[in-house]
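Each chain is listed here by its residues.
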Amino acid sequence: MTHSPRRRPARRSTRAVGGAALAAVLVFAPVTAVAADAPATAASSPAPTASASPAPTVSSSPALAADVPELSAPASSATPAAAPAAAAVDAMNYVVNAVPGAVTTEAASAAVVAAGGTVLARWDEIGVVTARSTAAGFVDRVRASSSVESAGPTRTAAVRATPDADTGGDAGSAAVPSTGVQATGLAERVADVADPGEERRWNDQAVHAAEARAVQPGSPDVLVGVLDSGIDATHPDLVSQVDPAASVGCSVDGVADTDPAAWAPSSDAATSTREHGTHVAGIIAAADDGRGVVGVAPGVRLASVKVVDADGFIYPEYAICGYMWAAQQQMDVTNASFFVDPWAAWCSADPDQAPALDAVARAVAWSQHEGVLDVAAAGNATVGAVAVDLAHKTADSLSPNDSTPQPGRDVSQGCSQLPAEVNGVVTVSSAQQGGSSIEKSRFSNYGAGVVDLTAPGAAVLSTVPGGGFAALSGTSMAAPHVAGVAALLASVHPGATPAELRDLLARQAGGETPSEYFGAGMVDAFAAVTEDRGRGAVAVAPDGVLQAGAAATLRGAGFVPGETVRAEGDAFDDSTSTVADQRGRVQLPVRLSPGTPTGPLSFSVVGSSGSSAVVDVEMQEALAGPVVTSPADGDRLPSGQAVVVEGTSVDSARVTVTVEPAGSPLAGDLPAGDLPATARASAAAPDAAESSTVRAEQDGTFRATFAGLAAGDWRVSAVTWTVDDVVSATGPAVLFAVDPVPAPVPGDEAGVPAEPGAAPAGPGSASPTPGSSPGEGVVPTGAPGRPLAADPARASSAALAWTGSEPGPVALAALLIVAVGVVGVGVGRRRPGDEPR
């Protein structure tokens, strides 16, 4: 989508940024012991030979004229100057800082040219010039100029002469090129994830992002700059989020280039570099569209500000360009998940490092002056190394990372990581789930007075180029959570200064300790959109949605501290009360009945001191209940045997199976009038329900056994309780019958009716064989007799003749019919060998 930059009243920061003493190291590039998201790599940094205007007019020439153009630059724009037509092998890029009070950088630019250099960009607002030279003694001659306060190289490896055609001009250095920054340090990838379906993960829950989105998803007037390796704006979750008009590439000599290819990920970069910016962007503002992932603030706009070259480096001139562009575009928030290369800590006492330290600090200060809140990652320890206490740095043996590192370099005094330690920057450590609380991620740097906030940074799932998703770890992933919350704050406090937004972030944070690990604590998105607004009590469900039968926690703010708070409504299966904390916040567990209808629902959350909030939710259908597969509907089971109920449910869930009289429907089942006739009346109908709770197998099958069910008509159904505490609807009911044991007929204990007038059968007596004459076929007393088996049809029949409930004459007639039938069978039977006559 394309938006015109929003013009708002300038927000002036009340914080000043110190000069050379205020520097920082970011979370993206090759790392040192003090570094951010990656192991150290000896690599070269690209340096382009073409310079481009920060305005939409971009030069397509690979080399511009050597003349320095005249300045007529508006505020927040760099005036590009020409690069040499063919850079030498030993070409080096520099920052040149004009003396304080200079109105423009014209004099400093002239000093660059006089010393044998070429101006790459001029930033009049902060008095900084970036330049390139192949001349020996160049930096000494520039430093000697009365118009220059300081000058120094931006790297230690020489700039390569030949641009890399595959990256549209990104050049490398004379050192061995890097294989790519391991930007996220400890990375856990989720392979082949086509659509996570916006499943809520721990990082979203930890910052209460879903609850915040139910109140305010962010305003499209708010613009967040992602200073990183570029954003894939074609990703389905980002295509509607990125503002091309506000995006820029700064990774070619630190000269702004608005061509879309300049701010897209480099196609030939290592995977860790190429995907980094797109991943960070998704954490901040991936679209809330029901697919993929959803960002902390999906309603805001994103700008891709590419400050990472194809080799994974962020040199000072790239970062300066990025922050100055953010100021020019009047961005509200920037996120920097990287550190400025090649030094893990830039030292103010080093004449070669101090100028870049000062120049980056000036750019950050200017962005804050123009109303931008800057967020940065605290950085990561290298794999296998101990995380760094940024407040008590000692030695660095891994810098510079673009040439040969200097072992044992003292960084204990006046050395800072850029931009995390620049004054006014919100610096973020990484936290992860630690039982019922949080713990610092092993890899995360820390430091009392340096770390301002913490946020989830372990195995965070987000977008990557090509339309996919991956879970990555690092303080690179923690910082964009804070940037997203800051964007929500800017949405609800549109006139706040960066300093005011920073104070709100700290005041509303979770307060976890120790502060050297977590600063003011876990950032809180819900607090950002509900507190410090004078709204009174408010309560919401995550994303404004509840599922019938599922346990959920309502989050509230603005209640009276100490009052008892509860939810009111008939639909609640389980609603407990809670007490508002000292800040008036509540977490209220609730569960609505599985039978709650789908669609909009409103209910109240009330406090004992008079607070009240209306909760509007969209109800989702309950989880479908288990399916009973045995017995089948209509089965008739013999008496005296255990009834085994089998069915299918959810993997490893608890299943409560209930058998009950068929004539007494449960809530949610068919009314009795809709049941079969045999289920509505039975003389031997049971009068009590029985339940059994079992655990489903991993394939979801379950089995429950019921012994001693009385004869009559029964109904069986089941309910699932999942491992994540979701109660399903009652599954489909199955009707079956347990037949009674056939009662002996008087005169025949074997269950066969005696002939009319026959003497009652009993012990020691015998019945004549059908068809025989009296005395024939009599089984002698004590013989093993073989009584006729009861007619199977009769034994399983529900005919009331066997229950004693028929009227007497009818029962007698039935007996006579049976007796005559038996005699008839005997008379009509042929003996073996009889021939037809």
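This structure is a prediction, so every number in the text was calculated from the model and none was measured.

In this section: the overall build of the protein. Helices and strands together make up the secondary structure of the protein, namely 16 helices and 36 strands. For the protein, with 837 residues in total, the buried portion stands at 53%. A sequence separation of at least 24 residues applies to 75% of the contacts in the protein between residues at least 6 apart. Of the accessible surface of the protein, which amounts to about 33,200 Å², a share of 54% is contributed by carbon and sulfur atoms.

The next thing to look at is the packing of helix H10 (residues 475-492) against helix H11 (residues 498-508). Where H10 contacts H11, the two axes come as close as 10 Å, and the packing angle between them is 115°. As summarised for this structure, H10 and H11 are arranged roughly perpendicular, according to the angle between their axes. With respect to the hand of their crossing, H10 and H11 are arranged in right-handed fashion. Across from Val482, Val485, Ala486, Leu489 and Ala490 in H10, the residues of H11 making contact are Leu501, Leu504, Leu505 and Gln508. Taken together, the residues that form the contact of H10 with H11 break down as 8 nonpolar, 1 polar and no charged.

What follows concerns the pattern of salt bridges. For the structure shown, the criterion picks out 20 salt bridges. Linking Arg213 and Asp204 is a salt bridge whose minimum nitrogen-to-oxygen distance equals 3.1 Å. Among the ionic pairs, Arg502 bridges to Asp452, the shortest N-O distance being 2.8 Å. Taken as a pair, Arg502 in helix H11 and Asp452 in the loop between strand S16 (437-440) and strand S17 (453-456) lie far apart in primary sequence, 50 residues in all.

Quick look at helix H8 (residues 316-328) now. With 13 residues, H8 should reach 18 Å at 1.5 Å per residue; the first-to-last C-alpha distance of 18 Å fits that figure. Of all 13 residues that make up H8, 12 are buried, and the element is covered over most of its length.

The subject of this paragraph is the sheet that holds strand S23 (residues 564-568). Taken in spatial order, the 5 strands of this open sheet run S21-S28-S27-S23-S25, and their pairing is mixed. Each of the sheet's edge strands pairs with one partner strand only, and the pair in question is strand S21 (545-547) and strand S25 (578-579).

A few words now on the side chain of Thr154. By the element assignment, Thr154 lies in the loop between strand S5 (148-153) and helix H3 (202-206). At 3.5 Å, the side chain of Thr154 and the side chain of Arg155 are in polar contact.

It is worth spelling out the environment of Ala287 at this point. Tracing the chain through its elements places Ala287 in the loop between helix H7 (276-285) and strand S8 (301-306). Under the relative-accessibility criterion, Ala287 is labelled buried at 7%. Once residues within four sequence positions are removed from consideration, Ala287 is found in contact with Glu198, Asp237, Ser240, Gln241, Val293, Val294 and Pro298.

Once that is clear, we can look at the side chain of Thr105. Position of Thr105 relative to the elements: it lies in the loop between strand S2 (92-98) and helix H1 (106-114). Under the relative-accessibility criterion, Thr105 is labelled buried at 0%. Among the polar contacts listed, one links the side chain of Thr105 to the side chain of Arg122, at a separation of 3.0 Å.

Time to look at the packing of aromatic side chains. Within the structure shown, the criterion is met by 6 aromatic pairs. The interplanar angle of 50° and the centroid separation of 4.8 Å between the aromatic rings of Tyr94 and Phe138 together place this pair among those described as tilted. Here Phe138 lies in helix H2 (residues 138-143) and Tyr94 lies in strand S2, a separation of 44 residues in the sequence. Per residue, the accessibility class of Tyr94 equals that of Phe138, and both read buried.

A word on the packing of H7 against H10. The geometry of H7 relative to H10 is characterised by a closest axis approach of 8 Å and an angle of 35° between their N-to-C directions. Between H7 and H10 lies a crossing of right-handed hand. Every residue of H10 that contacts H7 at His276, His279, Val280, Ile283 and Ile284 is listed here: Ser476, Met477, Pro480, His481, Ala483 and Gly484. A breakdown of the residues in the contact of H7 with H10 according to their chemical character gives 6 nonpolar, 5 polar and no charged.

So, about the sheet that holds strand S34 (residues 701-706). Note on sheets: strands pair through backbone hydrogen bonds, and any given pair is parallel or antiparallel. Here we have 3 strands laid out as an open sheet, ordered S29-S31-S34, and antiparallel in their pairing. Each end of this open sheet is capped by a strand with a single partner; those strands are strand S29 (627-630) and S34. Strand-to-strand twist in this sheet, taken as the mean axis angle between neighbours without regard to direction, amounts to 35°. The pairing of S29 with strand S31 (residues 643-648) spans 3 bridges and is classified as antiparallel. Residue pairing across strands places Ser630 opposite Glu646, the latter belonging to S31.

For the rest of this paragraph, the subject is the environment of Phe443. With respect to the helices, strands and loops of the structure, Phe443 is situated in the loop between S16 and S17. Phe443 gets classed as buried once you look at its relative accessible area, which sits at 3%. On a C-alpha basis, the gap between Phe443 and Gly384 in space is 8.9 Å, while along the polypeptide they are 59 residues apart.

Ranked by size, the top nonpolar core spans 55 residues in total, and within it Leu302, Val482 and Leu505 carry the most contacts. It is H10 that provides the largest number of residues to this core, a total of 12 residues. Those residues in contact with Leu505 that sit more than four places away from it in its chain are Leu373, Val426, Leu453, Val482, Val485, Ala486, Leu489 and Val523. Counting 49 residues, the second largest nonpolar core, distinct from the first, contains Tyr323, Trp346, Ala356 and Val372.

Here we take up unusual backbone geometry. In this structure, Pro419 follows Leu418 across a cis peptide bond, with omega equal to 0°. Tracing the sequence through the fold places Pro419 in the loop between strand S14 (415-416) and strand S15 (426-434). Here the amide bond leading from Ser630 into Pro631 is cis, since omega sits at 5°, within 30 degrees of zero. Along the chain, the position of Pro631 falls in the loop between S29 and strand S30 (635-637). One non-glycine residue, Asp253, lies in the positive phi region at around 60°. Its place among the elements puts Asp253 in the loop between strand S7 (248-249) and helix H5 (260-263). Look at Asp532: it is not a glycine, yet its phi comes out positive at around 60°.

This next bit is on the pairing of strand S26 (residues 586-592). With 5 of its 7 residues buried, S26 lies for the most part within the structure. Both strand S22 (residues 551-557) and S26 contribute to a ladder of 6 bridges, which runs antiparallel. Residue pairing across strands places Thr553 opposite Pro589, the latter belonging to S26.

What follows covers the state of the cysteines. Within this structure, the stated rule accounts for 2 disulfides. Here Cys250 is linked by a disulfide to Cys321, with a sulfur-sulfur distance of 2.1 Å. Between Cys250 and Cys321, the disulfide has an S-S torsion of -60° and is therefore left-handed. One end of the pair, Cys250, is in the loop between S7 and H5; the other, Cys321, is in helix H8, with 71 residues separating them in the sequence. Classification of Cys250 by relative accessible area gives buried; the value is 0%. Accessibility expressed as a relative area gives 0% for Cys321, which makes it buried.

It is worth spelling out the confidence of the model for the protein at this point. Counting all residues, the mean pLDDT for the protein is 78, and 71% of those residues have values of 70 or more. Predicted confidence is poor over residues 162-188, with pLDDT under 50, and the contacts of this stretch with residues over four places away or in other chains come to 113 contacts.

Below, the discussion takes up the environment of Asp402. On the secondary structure map, Asp402 appears in the loop between strand S12 (395-396) and strand S13 (409-410). As for Asp402 and Ala158, which are separated by 244 residues in sequence, their C-alpha atoms are 9.5 Å apart. A distance of 2.4 Å separates a polar atom in the side chain of Asp402 from a polar atom in the side chain of Thr156. Of note is the side chain of Asp402, whose polar atom sits 3.3 Å from the backbone nitrogen of Ala157.

Conventions and cut-offs
- Residues numbered from 1 in each chain as written.
- Predicted model: local features only at pLDDT ≥ 70, side-chain atom pairs only at ≥ 80, totals over all residues.
- Heavy atoms only, no water.
- Helix = DSSP H or I, 4+ residues; strand = E, 2+ residues; numbered from the N terminus.
- Buried < 20%, exposed > 50% of the residue type's maximum accessible area, 1.4 Å probe, protein only.
- Contact = heavy atoms within 4.5 Å.
- Areas by Shrake-Rupley, 256 points an atom, 1.4 Å probe, with all protein chains shown as cover.
- Axes fitted to C-alpha atoms, helices over the stretch in contact; angles between N-to-C directions.
- Parallel < 35°, antiparallel > 145°, perpendicular 65-115°, else oblique.
- Left-handed = near helix turned anticlockwise from the far one by under 90°.
- Nonpolar A, V, L, I, M, F, W, Y, C, P; charged D, E, K, R; others polar.
- Salt bridge = Lys/Arg side-chain N within 4 Å of Asp/Glu carboxyl O.
- Expected span 1.5 Å × (residues − 1).
- Pairing = 2+ DSSP bridges.
- Polar contact = N/O pair within 3.5 Å; in protein donor to acceptor, adjacent residues only side chain to side chain.
- Phe/Tyr/Trp six-rings, centres within 6.5 Å; stacked < 30°, edge-to-face > 60°.
- Core = buried A, V, L, I, M, F, W, Y, C linked by side-chain atoms within 4.5 Å.
- Disulfide = S-S within 2.5 Å.
- pLDDT = per-residue confidence, 0-100.

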